[in-house]
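Tertiary structure, described
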Amino acid sequence: MNSSGNQPLLDMVKACVHSVMFVATGVFTYVIAVTVRGSPHLRRNAHYLLLLQHCICLTGFNATGGVLHGLRALRLPVARLACWILFDLQVVMARGLVFTLTLMCVCTCLSVRCPLRYEALVCTLYRWVIFVMWTLALINPVVFTALACAQHPWRYVISPDVECSTVLEGKACIISALLLLFLMVLLIFSSYILIYLEGHRAGHFSQSNSKGRRTILIHMLQISLHIFPSFIIISRVHQVLVVAVITFLIFSISQFLSPVVYGLRCKQLNEELPRFFPRCFNERMALEPGASVEHRGSTGTVTSTSGGVSSTRTSHSTGTVTVHMSDGERDDENKRHIGNHEESTE
């Protein structure tokens, strides 16, 4: 039995997986976005800008996928044009994933092979490359959707469709998508081959330094799990339900690992993460109701009262002193100060 006989069940599984992945990848996107945007050093690095776009595409892909497969699983009557546009958005996000992944590999290759000219190349070509990338991502869905709208009556285009079909199922569309994906895979693997050759020539992949080789293997494994299921999904190969679900899960897990492999394992990003989030947390705590902040020169004092307990924090440029006093201790301290004052006046 192929998956077409169990299409509603497969759509329900895909909708659930997309929804979970949307939440997970949304967290990664937020973490990387606030860190990159909050650091001028990372904001000038093309690799992290591409990583941010990659995470945005990943979140958008799962969001549109969850809505699309949810509509298909529930058999809701939605306008056919709305389904076409929704699937087009998912395809654009999917191609953005592959394009940004490819460009990150190419940037790494250029930084290794041409370290002296890398900054000049990035400053000159970055915006043009991004423009070409999104143009290539949009051209296929836009062209085939426009042709479908021109070939069918308008009443058919806006009529309800419980199956939520698409116009990107023809042979020409599938072949063009496969060719574009094959070109991206060729660029990715060529970049890693050049990186490995340069590292081997410079002696970075010696027996005593296995970190570089391990990084290459991790990246190649993640890309393989991301790319090869894509060929199966795009080519519309008929599969039994279990195989279709396993293929989709491998594809989804590899997408989830992309921000980890290409972001959270990067040393520069890991160094910036602790700088942002503790500061954000402290600012939120300082602005809670019942808290007051005073700044006098280089000294800051935060005083908060909760549940009858007074807490005073005095921060200096060289350290932090924290004193906690209950209401009884505070009264005793005040009486002690008054007694000392009376003795001194006598």
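Residues numbered from 1 in each chain as written. Predicted model: local features only at pLDDT ≥ 70, side-chain atom pairs only at ≥ 80, totals over all residues. Heavy atoms only, no water.

Okay, the overall build of the protein chain next. When helices and strands are tallied, the protein chain shows 11 helices and 6 strands. Sorting the 346 residues of the protein chain into buried and exposed places 38% on the buried side. Within the protein chain, contacts between residues separated by at least 24 positions form 73% of all contacts whose residues are at least 6 apart in sequence. A total accessible area of about 20,000 Å² is found for the protein chain, and carbon and sulfur atoms account for 67% of it. (Helix = DSSP H or I, 4+ residues; strand = E, 2+ residues; numbered from the N terminus. Buried < 20%, exposed > 50% of the residue type's maximum accessible area, 1.4 Å probe, protein only. Contact = heavy atoms within 4.5 Å. Areas by Shrake-Rupley, 256 points an atom, 1.4 Å probe, with all protein chains shown as cover.)

What follows concerns the packing of helix 4 (residues 80-113) against helix 5 (residues 118-151). Relative orientation of the contacting elements helix 4 and helix 5 amounts to 155°, with a least axis distance of 10 Å. Classified by the angle between their axes, helix 4 and helix 5 sit roughly antiparallel to one another. By crossing handedness, the relation of helix 4 to helix 5 is classed as right-handed. Taken together, the residues that form the contact of helix 4 with helix 5 break down as 20 nonpolar, 5 polar and 2 charged. (Axes fitted to C-alpha atoms, helices over the stretch in contact; angles between N-to-C directions. Parallel < 35°, antiparallel > 145°, perpendicular 65-115°, else oblique. Left-handed = near helix turned anticlockwise from the far one by under 90°. Nonpolar A, V, L, I, M, F, W, Y, C, P; charged D, E, K, R; others polar.)

The description of two aromatic rings rests on the distance between their centres and on the angle between their planes. All chains considered together, the criterion is met by 2 aromatic pairs. Ring centres of Phe 28 and Phe 256 lie 5.3 Å apart, and the angle between their planes is 55°; this geometry places the pair in the tilted category. Taken as a pair, Phe 28 in helix 1 (residues 7-38) and Phe 256 in helix 9 (residues 241-264) lie far apart in primary sequence, 228 residues in all. The class for Phe 28 is buried, based on a relative accessible area of 15%. A relative accessible area of 27% places Phe 256 in the partly exposed class. For the ring pair Phe 61 and Phe 251, a centre distance of 6.0 Å and an interplane angle of 80° mean the geometry is edge-to-face. (Phe/Tyr/Trp six-rings, centres within 6.5 Å; stacked < 30°, edge-to-face > 60°.)

Attention now moves to the state of the cysteines. Overall, the coordinates contain 1 disulfide when judged by the stated rule. One disulfide bridge connects Cys 83 with Cys 164, the sulfur atoms lying 2.2 Å from each other. Note on the Cys 83 and Cys 164 pair: the S-S dihedral is about -110°, so by sign convention the disulfide is left-handed. Highlighted residues: Cys 83 in helix 4 and Cys 164 in the loop between strand 2 (160-161) and helix 7 (171-202), separated in sequence by 81 residues. A relative accessible area of 1% means that Cys 164 is categorised as buried. For Cys 105, which is in no disulfide, the shortest distance to another cysteine sulfur is to Cys 109 and amounts to 9.3 Å. Of the residues examined, Cys 105 reaches a relative accessible area of 2% and is grouped as buried. No disulfide involves Cys 114; its sulfur sits 7.7 Å from the nearest other cysteine sulfur, which is in Cys 109. On the accessibility criterion, Cys 114 (25% relative accessible area) is partly exposed. (Disulfide = S-S within 2.5 Å.)

Before going further, it helps to spend a moment on the side chain of Ser 159. Relative to the elements of secondary structure, Ser 159 occurs in the loop between helix 6 (154-158) and strand 2. At 2.8 Å, the side chain of Ser 159 forms a polar contact with the backbone oxygen of Tyr 156. When neighbours within four sequence positions are excluded, Ser 159 is seen to be in contact with Val 78, Ala 79 and Arg 80. (Polar contact = N/O pair within 3.5 Å; in protein donor to acceptor, adjacent residues only side chain to side chain.)

With that settled, consider unusual backbone geometry. Phi angles above zero are rare outside glycine, and Arg 75 is one such case at about 60°. Among the structural elements, Arg 75 can be located in the loop between helix 3 (46-74) and strand 1 (78-79). Of the residues examined, Arg 75 reaches a relative accessible area of 42% and is grouped as partly exposed. Although it is not a glycine, Cys 164 sits at a positive phi angle of roughly 50°.

Under the UniProt annotation, "transmembrane region" (unreviewed entry) lies at residues 12-36, 48-71, 91-116, 128-154, 174-195, 216-234 and 240-264. The distance separating the terminal C-alpha atoms of residues 48-71 is 35 Å; by composition the span is 100% helix and 0% strand. (UniProt positions renumbered as here; feature names shortened; annotations may be inferred.)

Following both chains from N to C, one finds helix 3 and helix 4 inclined at 155°, their axes separated by 8 Å at the closest point. Between helix 3 and helix 4, the interaxial angle falls into the category roughly antiparallel. When the axes of helix 3 and helix 4 are compared, the crossing they make is left-handed. Among the residues making up the contact of helix 3 with helix 4, the classes are represented as 21 nonpolar, 10 polar and 1 charged.

A cluster of nonpolar side chains, Trp 128, Phe 131, Val 132, Leu 136, Ile 139, Val 143 and Leu 147, forms an exposed patch at the surface whose accessible area comes to about 700 Å². Along the polypeptide, Leu 136 turns up in helix 5. (Patch = residues over 30% accessible without salt bridge, like charges linked within 9 Å, V, L, I, M, F, W, Y side chains within 5 Å. Salt bridge = Lys/Arg side-chain N within 4 Å of Asp/Glu carboxyl O.)

Mapped onto the secondary structure, Pro 160 falls in strand 2. The exposure class assigned to Pro 160 is exposed, which follows from its relative accessible area of 58%. Residues Pro 160 and Leu 81, 79 residues apart in the sequence, show an inter-C-alpha distance of 8.9 Å. Look past the residues within four positions of Pro 160 in its chain and what remains in contact with it is Pro 77, Val 78, Ala 79 and Arg 80.

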